[in-house]
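Notes for the structure review
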Amino acid sequence: MKSTLRISAMLLAAAVAAPAARLTPTAGQAFEHYVAGVENRVLRQQRPRISEGELKPDAVRIEAVNGGSWEVDGGLLHHWRAAAFVPAATPAGMLAVLEDYDHLARYYSPDVVSSQLLTGGVTNATLRMRFRKRRIVTVVLDAEFDVQSGLAGPHRGYSLSRSTHVWQVDQPGTSRERRRAEGADDGFLWRLNSYWTFEEARGGLIIECEAVSLTRDVPAGLGWLIAPIVQTLPRDSLEFTLTATKNALAANAGRRLDDRAN
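Just so you know, these numbers come straight off a predicted model, no measurement behind them. (Residues numbered from 1 in each chain as written. Predicted model: local features only at pLDDT ≥ 70, side-chain atom pairs only at ≥ 80, totals over all residues. Heavy atoms only, no water.)

The subject of this paragraph is the overall build of the protein chain. Secondary structure summary: the protein chain contains six helices and eleven strands in total. Within the protein chain, the fraction of its 262 residues that count as buried is 48%. Counted over contacts in the protein chain with a minimum sequence separation of 6, partners at least 24 positions apart contribute 62%. When the accessible area of the protein chain is evaluated, it comes to approximately 12,900 Å², of which 53% is carbon and sulfur surface. (Helix = DSSP H or I, 4+ residues; strand = E, 2+ residues; numbered from the N terminus. Buried < 20%, exposed > 50% of the residue type's maximum accessible area, 1.4 Å probe, protein only. Contact = heavy atoms within 4.5 Å. Areas by Shrake-Rupley, 256 points an atom, 1.4 Å probe, with all protein chains shown as cover.)

Structure, rendered in structure tokens:
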């Protein structure tokens, strides 16, 4: 018990001592330049890059793009891709999940605490979300996104989500809750864009998501604290999101089949 308390105290002290980070213009520009290329490709193809034959039943395939993470001046860029096959799911069913803007916590809890449609309609929307991630420390973030989604034909569709604001939240849920200034925080997430594509295959739907994010770099001497968060969080978050989406689609497809049987 005493050793556990000592370890917890050490982690807390290290978290408090971790130097604040600052988003630099060069890091922001590197992110924008990179995602411009990703979006150009996604909008051209409008379909998953991974084929049905590459996917194992009941499994999520996740892979690093360009090594997964790499340094830019003032930060780290992360790019991961994940895919799965969902039997009996449809493009319309996928959009119903992704566009349920006021109830995303229903599908993505505990990572998503709350969500709200701010402006726009279904296919072009501005969305607010609160995230909570637990690693060595618990990180709570408020973020806003511009989202475009729709069908690219009778058998496939897409959804593009671009972060416009990300705030780290201190003491969330208390009377002392406050947002730190954007880009002047612990740097666990400064930017996050997600690119969904999905297409009907034999008896179901292939769903694929690419997530590109920007975080702080790893400060010297605190790699053991910061690295497990900024280097593993992008991959783990995408895997969770893809799995949760797959489960929501499978549950909805199962209910449709039951309704038809009755």
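Applying the stated criterion across every chain yields a total of 17 salt bridges. Here Glu 199 makes a salt bridge to Arg 47, at a shortest N to O gap of 3.0 Å. Taken together, the residues Glu 199 in strand β10 (residues 191–201) and Arg 47 in the loop between α2 (25–45) and β2 (61–72) connect sequence positions 152 residues apart. Where Glu 63 meets Arg 81, a salt bridge forms, and the shortest distance between an N and an O atom there is 2.7 Å. Remark: Arg 81 occurs in strand β3 (residues 75–87) and Glu 63 occurs in strand β2; sequence separation between them is 18 residues. Look at Glu 63 and you get buried, because its relative accessible area is 19%. Among the residues examined, Arg 81 registers a relative accessible area of 7% and is labelled buried. The network of salt bridges with common partners includes Arg 41, Glu 54, Arg 61, Glu 63, Arg 81 and Glu 210. (Salt bridge = Lys/Arg side-chain N within 4 Å of Asp/Glu carboxyl O.)

So, about the environment of Trp 70. Take Trp 70: it is sitting in strand β2. Accessibility expressed as a relative area gives 22% for Trp 70, which makes it partly exposed. Other than its neighbours up to four places away in sequence, Trp 70 contacts Tyr 34, Val 65, Gly 75, Leu 76, Leu 77 and His 79.

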